[in-house]
Amino acid sequence: MSLSLYIHFPFCANLCGYCDFYKTTYHTEQEQIYLDALRTELRLAVNDVPVESRVLDSIYIGGGTPSLASFHFLRDLIDDINNYFRLARDLEFSFEINPESLDSVKLEYLKKIGVNRPIFGIQSFNLRLLKTLDRKHKLEDSFRAVYLARALGFANFGVDMIFGLPRQSAKLLSDDLNQVIALEPPHISYYQLTVEKGTPLEKKVTAGKLRLPDNDLLAAMYRGISEEMKKHGYFRYEVSSFARPGFECRHNLRYWEEGDFLGLGPSAHSFIGNRRFANLSDLSVYIQKLSKGVRPLIFDTDSIDSRISEAIMLGLRTARGIEREHFARRFGMPVEKALREETLRALIDAGFIAPDSSHIRLTDSGLPLADEIIRRLVK
Amino acid sequence: MIDKRYIRNFSIIAHIDHGKSTLADRLLEATAAVSERMMREQVLDDMDLERERGITIKAHAIRLDYKASDSQLYQFNLIDTPGHVDFTYEVSRSLAACEGVLLVVDAAQGVEAQTVSNLFLALQNNLAIIPVLNKIDLPSARPEEVAKQITDLIGCQKEEILYCSAKTGQGIGELLEAIVKQIPPPPGDPTKPLKALVFDSVYDSYRGAAVYLKIVEGSVRKGDRIKFFSHGKQFEVDEVGCRRLQNMPLPSLSAGEVGYLYAGIKEVSDTRVGDTITFAQYPADAPLPGFVAVKPMVFSGLYPAIAEDYTELREALEKLKLNDASLSFTPETSTALGFGFRCGFLGMLHMEIIQERLSREYNQTIINTVPNVEYLVYLKDQTVVTVDSPTEMPDAGKIDYIEEPYVDSQIITPPDSLGAIMRLCTDRRGIYKNTEYPTPARAVLSYAFPLSEIIFDFYDKLKSISRGYASLDYDIPYYMKSNLVKLDILINGEPVDALSVIIHRDKAYKYGASLTEKLRILIPRQMFEVVIQAAIGGRILARATVKPLRKNVTAKCYGGDITRKRKLLERQKEGKKRLKQVGRVEIPQEPFLAALKIED
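Note that the structure is a prediction, hence the values are computed from the model and not measured. (Residues numbered from 1 in each chain as written. Chains lettered and ligands numbered in written order. Predicted model: local features only at pLDDT ≥ 70, side-chain atom pairs only at ≥ 80, totals over all residues. Heavy atoms only, no water.)

As for the overall build of chain B
Counting secondary structure elements, chain B contains 14 helices and 34 strands. Principal-axis analysis of the C-alpha atoms gives chain B an extent of 90 × 65 × 60 Å. The long-range fraction of contacts in chain B, counting pairs at least 24 apart against all pairs at least 6 apart in sequence, stands at 70%. Computed over 75 positive and 80 negative side-chain charges, the inter-centroid distance for chain B is 6 Å. (Helix = DSSP H or I, 4+ residues; strand = E, 2+ residues; numbered from the N terminus. Contact = heavy atoms within 4.5 Å. Lys, Arg positive; Asp, Glu negative; His and termini not counted. Charge placed at Lys NZ, Arg CZ, Asp CG, Glu CD.)

Okay, here's the thing in structure tokens:
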């Protein structure tokens, strides 16, 4: 048994209006206090992991803006990880980077400590659209980041994009698509903008100050993205994830295929031994608790129904689909038992679901409607 | 036993807001039946709902002692009457218990149709009528003009009208004296076998129904064995008495008196308004005239918003029925809405009251189908069926013709609104009879209307186009042939029974087009195209399409935060319980609620 490790870096230089990940404004002193707490958490968490499972397949450092982290923060953290875990030979080590906070020295340093999959949060190449997201980077920052990754010899790297932005037209999306494909990153995540509750973006949308593309346009955009990606050799292996063969994000696949993962830092989630738990989304509580040697955990329900719902929900988001044998082994029943029979039949007839002997998966026309389908399907 | 020469039984007839309840309060105060502390506004209306709507739903009777100028102590029984067209029959029975009425007219508003209608009821019952011009303190009062309306209406002398203000108390003394002088004492022989008129009943969960009654002949006391003429059931009397602010038990009630009676009656449906109570062993030879078993006029399907609440809804309806014999309900199933009840109501107001009580007192969220009246369907095989639900309508091919209830109605209005009102009446399929001008400032329009056309929002429309001046009243319905059709709403080819209506052929197209359009907007986009059609039999009248949903997938399964996504799914599953399934199409409640509110 191996493990994936997620570490949350909860600081940003400025806070973007659309983002609802847990974060706060960066301060050097805060970073140091956080580092101490994080190291305590790591030590405590490792104790709960059986010795034979202390092998890491993947590490993912996300945020916030981890590319803001100081060298000594990263050094101490990586030292600890190396002390507690064995790293798999083919370890995948992802690291989220904001293009404007990157220079060659930092990227070189990341490479030195083992990062082999930088992810650049480019989001869009259109300055006006970036502005609606409060993103500060410029066009040249994005190009330079990708150029540096290549120059430093990163064989694997990813670019994160967003579509469905306020006032984004089909033409503007097409410009973005052409740009990102021209850069030829091995991995592209193309997320639809989600207006999250309580964000400044939501307020603007509710107040009518920003208008989002309607459902038909969004559907067309998503279809356009999927088709362009396919044309250029990218395979859609999950709703929003596109990769050249062999460059799928192993870390994310582990979330969707429900392997064990340990998350550290405020708001980070874990799934170990069929149990889900998470840290409180509050930096000061996190620090306070850990200073007393206590992990600030909240546990999710242990109900089998919840695990089944999750397995269906996650499985159907991926291109592979739900693996019948794995599902049956895990829950002691065939996957059809957990689905509404009549709905399943109707959805198969309508061409939204394609079952075969080993998997149940959504088709290309089913995937854009995954939420709707899952809601109807789950018992 | 009081000498019935000193009894006065009377009611107050007034239009809503003309000050009936305030006047009743003043009478109670003046006769010291109510202490200052106990005095709430409008003490006779004891349900919250009545208070809010400013109308009296259930009639009560209250006893007052009044020492008149002749130094004699009089027993006044003030019998309250419901003030809405839905309850004409109940009013008639309350009036049948009286010897006189106070005809109260608002000095600013003038005589309204409701008042006229109740006045006729009073005249038919040969009651003494005391005209009272109320609210004379208002700056907008037009006492001269309204006094003229009153003299025209009852043919009395101007001098006979009492001027008062229930608000300030002005004229109340004179009114009390007039009650003594002008209203005759009740007739009736206390030595004859018991004949008592039931004019109201209220359910009490401990003691059974409290029956409000007027002893017409004979007397009744605790221990008497009584029976009801209409259904013959027998009961033993537990208690008799009169109502002051609380019940006051008395040794007996005898001819001429008004009071209450308990006899361990478990169901209010056994205590029908207008029924006659007599002795079980030595019954009177005949009941009092005028009894009619009350029949519901308006029918609607009531369904729980969540299927699991069916049992709770049934229990709530059962409890409401305990206190409301005029409510009827039978189980009904709908393919779209599941298990529910077909309920019968006296009218729209009654229906709204029941709905509000279900919501407020029993916390029930309900969906109700478009209300309809009861139709008589004459089949080609010479049989007749009664249809109170569109789903029960036989196939068009089997039907010879259909009759629907009509009512004769009077609309009183200032002449300047006549044109607009007549247009409204025509639109509502009104059959014009005539127009009379009792005074130059008032026109009385007579129309026959299909009941279904005026029970919904006609009254509100009438009020709005006449700036509040027009008023409406109508009589008991009769049946007439009509060109009616059943209009179905089909969703992806499947009829949604809950949305079917029975409608006049000439109105079917407009209704169908408007409803399909409304549904198009309200039905959320699904994974498939949704076609909404309005149809009569196989003929499609209108069509609208809900485009399929093209995209609905969360972009990101937040890092490892699977819990959040799953909880969202669970919430959606919970919400799904409120969705109604028609074939593959999921429909939320709103379209059903909106269909009810459709403008025509």
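Following the structure, the description resumes.
Considering the packing of helix H7 (residues 310-323) of chain B against helix H8 (residues 348-362) of chain B
All names here are of chain B. In contact at an axis separation of 11 Å, H7 and H8 are set at 115° when each is read in the N-to-C sense. Between H7 and H8, the angle falls in the class roughly perpendicular. As for the relative orientation of H7 and H8, their crossing is right-handed in sense. Together, Leu313, Ala316, Leu317, Lys319 and Leu320 of H7 and Ile354, Arg357, Leu358 and Tyr362 of H8 make up the contact between the two elements. A breakdown of the residues in the contact of H7 with H8 according to their chemical character gives 7 nonpolar, no polar and 2 charged. (Axes fitted to C-alpha atoms, helices over the stretch in contact; angles between N-to-C directions. Parallel < 35°, antiparallel > 145°, perpendicular 65-115°, else oblique. Left-handed = near helix turned anticlockwise from the far one by under 90°. Nonpolar A, V, L, I, M, F, W, Y, C, P; charged D, E, K, R; others polar.)

A few points about the interface of chain B and chain A
With 32 residues of chain B at the contact, the number on the chain A side is 45 residues. Summed over both partners, the interface of chain B with chain A buries about 3,600 Å², with 56% contributed by carbon and sulfur atoms. It is Met527(B), Lys551(B) and Arg566(B) that lose the most area in chain B upon contact with chain A, and together they represent 20% of the buried surface on that side. At the boundary of chain B with chain A, the tally comes to 9 salt bridges. A salt bridge links Asp216(A) to Arg525(B), with the nearest nitrogen and oxygen atoms 2.5 Å apart. Linking chain B with chain A are 25 residue pairs in polar contact (both at pLDDT 80 or more). (Buried area = accessible area lost by both parts, 1.4 Å probe. Salt bridge = Lys/Arg side-chain N within 4 Å of Asp/Glu carboxyl O. Polar contact = N/O pair within 3.5 Å; in protein donor to acceptor, adjacent residues only side chain to side chain.)

Things to note about the pairing of strand S13 (residues 275-279) of chain A
For a regular strand, side-chain orientation follows a simple rule: the groups alternate between the two sheet faces. Residues and elements named next belong to chain A. Burial of S13 is extensive: 4 of the 5 residues sit out of reach of the surface. As defined by bridge partners, strand S12 (residues 269-272) adjoins S13 across 4 bridges and the pair is classed as antiparallel. The residue bridging Ile272 from the neighbouring strand is Arg275, located in S13. Summarising the sheet, S13 and strand S14 (residues 297-299) pair through 3 bridges and their orientation is antiparallel. Within the sheet, the bridge partner assigned to Ala278 lies in S14 and is Ile298. (Buried < 20%, exposed > 50% of the residue type's maximum accessible area, 1.4 Å probe, protein only. Pairing = 2+ DSSP bridges.)

Re the pattern of salt bridges
Residue and element names in this part refer to chain B. Here the structure, examined in full by the defined rule, presents 62 salt bridges over all chains. For Glu145, the salt bridge identified is with Arg142, shortest N-O distance 2.6 Å. A relative accessible area of 36% means that Glu145 is categorised as partly exposed. Overall, Arg142 belongs to the partly exposed group, its relative accessible area being 26%. With its nearest N and O atoms 2.7 Å apart, the salt bridge here joins Glu239 to Arg207. You can see Glu239 sitting in strand S12 (residues 239-243) and its partner Arg207 sitting in the loop between strand S7 (195-204) and strand S8 (208-217), a full 32 residues away along the chain.

Thoughts on the environment of Ile2(B)
All names here are of chain B. Structurally, Ile2 can be placed in the segment before strand S1 (7-14). Among the residues examined, Ile2 registers a relative accessible area of 29% and is labelled partly exposed. Leave out the neighbours within four places in its chain, and Ile2 touches Ile7, Gln75 and Glu257.

Overview of the domain arrangement of chain A
Residues and elements named next belong to chain A. Taken domain by domain, chain A comprises domain 1 (3-256) and domain 2 (304-377). A straight line from the C-alpha centre of domain 1 to that of domain 2 covers 28 Å. Counting residues at the interface gives 9 residues for domain 1, matched by 8 residues for domain 2. Both faces considered, domain 1 and domain 2 share a buried interface measuring about 780 Å² in area, 58% of it formed by carbon and sulfur atoms. Contact with domain 2 buries area across many residues of domain 1, yet Arg236, Val239 and Trp256 alone supply 55% of it, more than any other trio. (Domains from an automatic or database assignment.)

Details of the sheet that holds S12(B)
Picture the strands of a sheet paired through backbone hydrogen bonds; they go either parallel or antiparallel. Residues and elements named next belong to chain B. Judged by pairing direction, the sheet is antiparallel, and its 8 strands sit side by side in the order S11-S10-S16-S7-S8-S15-S12-S13 without closing on themselves. At either end of the open sheet lies a strand with only one pairing partner, and these are strand S11 (234-236) and strand S13 (247-250). Across the sheet, the axes of successive neighbouring strands diverge by a mean angle of 40°, strand direction being ignored.

Quick look at the packing of aromatic side chains
Here the structure, examined in full by the defined rule, presents 32 aromatic pairs over all chains. Ring pairing ties together the aromatic residues Phe9(A), Phe11(A), Tyr26(A), Tyr34(A), Phe73(A) and Tyr286(A), which thus form one cluster. Across the ring face of Phe229(B), the terminal group of Lys227(B) is positioned such that the distance to the ring centre comes to 5.8 Å. (Phe/Tyr/Trp six-rings, centres within 6.5 Å; stacked < 30°, edge-to-face > 60°. Lys NZ or Arg CZ within 6 Å of the ring centre and 35° of its normal.)

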